[in-house]
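Survey of secondary and tertiary structure
In case you want the letters, here they are:
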Amino acid sequence: MIRRTVDDSLTYRDAGVDLEAADRAKRALGPLLDAAGDENTLSGPGAFGGLYAVPRGMSEPVLASSADGVGTKLKVAFMCGRHDTVGRDLVNHCVNDILVQGARPLFFLDYLATGEMDEAVVAEVVGGVARGCRENSCALLGGETAQMPDFYAPGEYDLAGFVVGAVERERIVDGGAVCAGDRLVGLSSSGLHTNGFTLARKIVFERMGLAVGDRFPGEDASAAEVLLRVHRSYLAPVWPLIERGWIRAMAHVTGGGIAGNLPRVLPGGLGARIRLGSWRVPNVFRVLAEGGGVATEEMYRVFNMGVGMIVVVSPDREAEALGALGDGARSIGEVVRAPGVELVGGVP
């Protein structure tokens, strides 16, 4: 028999999990969830599952879903102690992923796992998620916050998200109508978005020797501010074109760059020719290329290079699409009768 004294007794907190802090953090998140709900939200904070009514007025709704994370961009947040942007990154990335199929987001769920429960950090992160949901007119239906002290180093966490949207079956954008000669319209990115940060951090903080608070070359902003610029959501500018039926396909340019993502939405036997001089590559990518001695081909393989979304339209709709999309939209190429993506021209 093992005998233990009262002083020897262990608690969950002794093992690294603070249940009281977790309860306080969850209670503090209640108002965020309430504020990020909508008329179709049927459940409240604390429920085991989220309930959401399919919006009325849709004749044959098809659900669209996606899951993603923020990746090693989180390391920059850890380094500078700023946690209010990564939640918006997460929501916008997931919303863009279902937007390319013509779907509007309905609701979002988040998963935050950390080593120790820092209530202020949790509030910042989830507050960013809630703001992202409001900006995209979707409900933050719920989520999970987990303490795993043996998994994560002090001061670190991981963040993932899950979006569910809906599209009328007859209006799904699947690329089936794409033809050779269709035009490619590129929409500007806001920076690195959420991809390529393992390489970017190595260049900025190791090769270039910058600290997070140092001014980023060519920018009136710190290295942290440049790297943490929020992943852009394309829902607002693109949705009117979807409603008009102008869009034949869309590609969200994430990891793998243009060449790795555009073929995913083109029918078999078709490819694309991209004119590299048709948009100006943002300063951040120029600095990374020079600071890391990274070849042009590798830069376009890893980063979005200033184009975060590509919209495919017929030639007779190109001018109207450019006008509707506004500043930051450029005609960047065309669909061709050959698989793959050909990058031609030079960087302006």
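As a starting point, this report considers the structure included with it. (Residues numbered from 1 in each chain as written. Predicted model: local features only at pLDDT ≥ 70, side-chain atom pairs only at ≥ 80, totals over all residues. Heavy atoms only, no water.)

1. Details of the pairing of strand β8 (residues 307-313)
Judged by how many residues are buried, β8 sits mostly within the fold: seven of seven residues are covered. Pairing analysis gives six bridges linking strand β5 (residues 183-188) to β8, with the strands arranged antiparallel. Bridge pairing links Arg183 to Val313 in β8. (Buried < 20%, exposed > 50% of the residue type's maximum accessible area, 1.4 Å probe, protein only. Helix = DSSP H or I, 4+ residues; strand = E, 2+ residues; numbered from the N terminus. Pairing = 2+ DSSP bridges.)

2. Regarding helix α11 (residues 318-325)
Every buried residue of α11 is listed here: Glu318, Ala321 and Leu325. Along the long axis of α11, the arc covered by the buried residues comes to 65 degrees, so they all point the same way. Relative to its buried face, α11 has exposed residues pointing more than 90 degrees away, namely Ala319 and Gly323. Positive backbone phi, approximately 75 degrees, marks Gly326, located one or two places after α11. (Arc of directions from axis to C-beta.)

3. Remarks on the packing of aromatic side chains
Counting across every chain of the model gives four aromatic pairs. Ring geometry for Phe78 and Tyr157: centres 4.9 Å apart, planes at 75 degrees, overall edge-to-face. Here the residue Phe78 occupies a position in helix α2 (residues 73-80), and Tyr157 occupies one in strand β4 (residues 157-168), the gap between them amounting to 79 residues. Both residues of the pair, Phe78 and Tyr157, belong to the buried class. Taken together, a centroid distance of 6.4 Å and an interplanar angle of 45 degrees make the contact between Phe151 and Tyr152 tilted. Look at Phe151 and you get exposed, because its relative accessible area is 65%. When the ring centre of Trp239 is taken as reference, the NZ or CZ atom of Arg104 above it lies at 4.8 Å. Taking the ring centre of Trp246 as reference, the NZ or CZ of Arg244 above it sits at 4.9 Å. (Phe/Tyr/Trp six-rings, centres within 6.5 Å; stacked < 30°, edge-to-face > 60°. Lys NZ or Arg CZ within 6 Å of the ring centre and 35° of its normal.)

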